[in-house]
Every structure is written in structure tokens, then in C-alpha cells.
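# Results of the structural survey
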Amino acid sequence: MKINTLHYITTNAAAAELACQGGVRWVQLRVKNQPPAIWKQLALDTQAVCRRYGATLLINDNPRLAQEIGADGVHVGKADMPAAEAREMLGSKFIIGGTANTFADVQRLAEAGVDYVGLGPFRFTPTKENLSPILGLDGYTEIIRQCRAAGLAVPIIGIGGITLADVEALATTGLHGVAVSSAIGKASNPTETAGLFIKELSAVNPI
Ligand code: TZP
Ligand code: MG
């Protein structure tokens with residue numbers, strides 16, 4: 001199984017640009033506790049960056065905003081609009097991702113027609129409040145084994161506290177990719193670090 005997708009999760013366009021300069025081509029805008037007008041402006045600014053780099057823009061939590069600005073897709077968590085409803089609303093052209101912590105979550109999301117699942121958290125992270133139980137390598141290995149046994153082919157992206165040093169081990173679990181925020185956003189050189197993630201993902205993945 002190839003591990004080759006890198007999602008960069010960010011709150012703003014400037015950080016998205018630094019990551020895109022390093023080669024990131026999947027950006028998820030994750031805005032919390034902002035009024036709708038600010039959120040929309042952040043989304044438009046980030047969309048402009050993504051368009052310049054040919055990057056795919058996903059909006060976290062907010063299918064309506066994704067639809068309004070014509071983003072590429074949306075990522076919905078357990079407290080957001082259900083994935084099936086988002087699919088109904090957005091149709092087949094939008095990318096829909098959903099958050100999972102268990103095999104049952106993955107199954108439900110796959111049935112709802114998501115394009116990918118964000119499975120986590122891998123380890124503790126201060127980036128997200130109300131964190132679900134930590135999965136670790138064993139959790140990923142077991143859930144991906146269950147998915148295969150059940151014939152679920154939905155791509156699974158690991159998330160939560162993931163660093164560059166984790167990519168090699170995570171690749172052994174059958175994940176399709178990783179989603180990171182702090183490891184790139186809080187790096188002293190986000191552009192260089194984004195590039196290192198991409199290099200590492202392809203290194204564990206010889207063609
Ligand atoms: N969902 C599960 S963990 C997480 C989200 C949005 C935060 C990921 O950020 P970081 O900084 O890479 O741990
Ligand atoms: Mg959410």
C-alpha cells in the first residue's frame with residue numbers, strides 16, 4: 001500500500017502559502033470561533049493561494065461555505081453536518097472527507113460516500129480540543145486490517161500529533177497519507193519542512 005498524500009491543516013492563507021511553496025498540494029482550512037464574514041474571507045484568501053499553486057482546498061466543518069466559494073471540498077467531523085447530508089447537498093463533484101476514531105466510524109463514513117477518512121488521533125495533540133482516544137500504530141494497524149477484511153477501500157489519512165519522524169512507521173500500517181498542522185505550521189521553516197514531508201513520503205514509497 002502506498003502512503004503518498006500530505007494534507008496540511010491551517011488557519012490562514014499565509015501559512016498555506018509557505019506550505020505550498022514546499023510542495024503541499026492539499027490544504028485544509030480549519031477555522032474555529034470566528035464570525036462567518038471573517039471565516040469566509042480567510043477561505044477566499046486561502047483559495048487564492050491554492051489556485052496559484054494548483055493545490056486542492058478543503059474547508060473544515062462547513063459544507064455551506066465550501067459550496068458558496070466553490071472550494072474543492074469539505075472535511076466534516078463528528079459534530080458537523082453528517083457526511084451523507086454533505087454529499088446530498090454538494091453532489092459528486094466536491095471532495096468530502098470525514099473524521100473517524102474507530103472502525104465503525106470508517107464504515108459509516110464509507111457508506112455515506114466520503115472520498116477519504118481522517119483517522120486519529122495518532123497521539124496526543126494540543127491542536128484539537130475534545131480529542132478522541134489515541135490510536136497509536138497498533139490502532140491504525142488494527143482498524144486498517146478490519147477495513148480490508150470488510151472490503152472497505154476508502155483512503156485513510158492519519159492525523160493527530162504526527163511528525164516527520166513518524167512517517168516511516170505509519171507507512172507500515174496501510175495508511176494512504178498523513179494530515180499535519182503543527183509539524184509544518186510551527187516548524188522554524190515551514191516551507192522546508194513541508195518539502196521534507198513530501199520527500200519522506202516518497203522515500204518510504206519507492207515507485
Ligand atoms: N483532528 C484530529 S487531531 C487534529 C485534528 C484536526 C489536529 C492535528 O493537528 P496536529 O498539530 O498535526 O496534531
Ligand atoms: Mg469539524
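Per an unreviewed UniProt entry, the protein chain goes by Thiamine-phosphate synthase and derives from Hymenobacter sedentarius. The UniProt entry for the protein chain carries this comment under Pathway (unreviewed entry): "Cofactor biosynthesis; thiamine diphosphate biosynthesis; thiamine phosphate from 4-amino-2-methyl-5-diphosphomethylpyrimidine and 4-methyl-5-(2-phosphoethyl)-thiazole: step 1/1." What UniProt states about the protein chain under its Function (unreviewed entry) heading is, verbatim, "Condenses 4-methyl-5-(beta-hydroxyethyl)thiazole monophosphate (THZ-P) and 2-methyl-4-amino-5-hydroxymethyl pyrimidine pyrophosphate (HMP-PP) to form thiamine monophosphate (TMP)."

## Thoughts on the UniProt feature "binding site: 4-amino-2-methyl-5-(diphosphooxymethyl)pyrimidine" (unreviewed entry) in the protein chain
Within this numbering scheme, the UniProt entry marks Q28, L29, R30, V31, K32, N60, T99 and K128 as carrying the feature "binding site: 4-amino-2-methyl-5-(diphosphooxymethyl)pyrimidine" (unreviewed entry). In this fold, V31 is placed in the loop between β2 (26–29) and α2 (36–53). Discounting chain neighbours no more than four positions away, the residues touching V31 are T11, W39 and L42. Within the element layout of this structure, K128 appears in the loop between β6 (116–119) and α6 (136–149).

## Notes on the packing of helix α1 (residues 13–21) against helix α9 (residues 190–203)
For the pair α1 and α9, the least separation of the axes is 7 Å and the interaxial angle reads 50 degrees. With respect to α9, the axis of α1 lies oblique. Where α1 crosses over α9, the handedness of that crossing is right-handed. Mapping the contact onto sequence places A15, L18, A19 and Q21 in α1 and P190, T191 and A194 in α9. Broken down by class, the residue content of the contact of α1 with α9 amounts to five nonpolar, two polar and no charged.

## Structural notes on the site of ligand 1
Ligand 1 sits among 14 residues. The nearest are T125, T127, G160, S181 and S182. Each residue belonging to the shell around ligand 1 can be placed in one class, and the counts come to six nonpolar, seven polar and one charged.

## Considering unusual backbone geometry
Between G120 and the following residue, P121, the backbone shows a cis peptide bond with an omega angle of 5 degrees. Structurally, P121 is set in the loop between β6 and α6. In this model, D61 sits at a positive phi of 75 degrees, which is unusual for a non-glycine residue. Mapped onto the elements of the fold, D61 is located in the loop between β3 (56–60) and α3 (63–69). Phi is positive for N130, close to 50 degrees, though the residue is something other than glycine. Topologically, N130 is positioned in the loop between β6 and α6. Since 7 C-beta atoms lie within 10 Å of it, N130 is described here as exposed.

Rules and cut-offs
- Residues numbered from 1 in each chain as written.
- Chains lettered and ligands numbered in written order.
- Predicted model: local features only at pLDDT ≥ 70, side-chain atom pairs only at ≥ 80, totals over all residues.
- UniProt positions renumbered as here; feature names shortened; annotations may be inferred.
- Helix = DSSP H or I, 4+ residues; strand = E, 2+ residues; numbered from the N terminus.
- Contact = placed C-beta atoms within 7 Å.
- Axes fitted to C-alpha atoms, helices over the stretch in contact; angles between N-to-C directions.
- Parallel < 35°, antiparallel > 145°, perpendicular 65-115°, else oblique.
- Left-handed = near helix turned anticlockwise from the far one by under 90°.
- Nonpolar A, V, L, I, M, F, W, Y, C, P; charged D, E, K, R; others polar.
- Near = placed C-beta within 6 Å.
- Buried ≥ 20, exposed ≤ 12 C-beta atoms within 10 Å, placed from the backbone.

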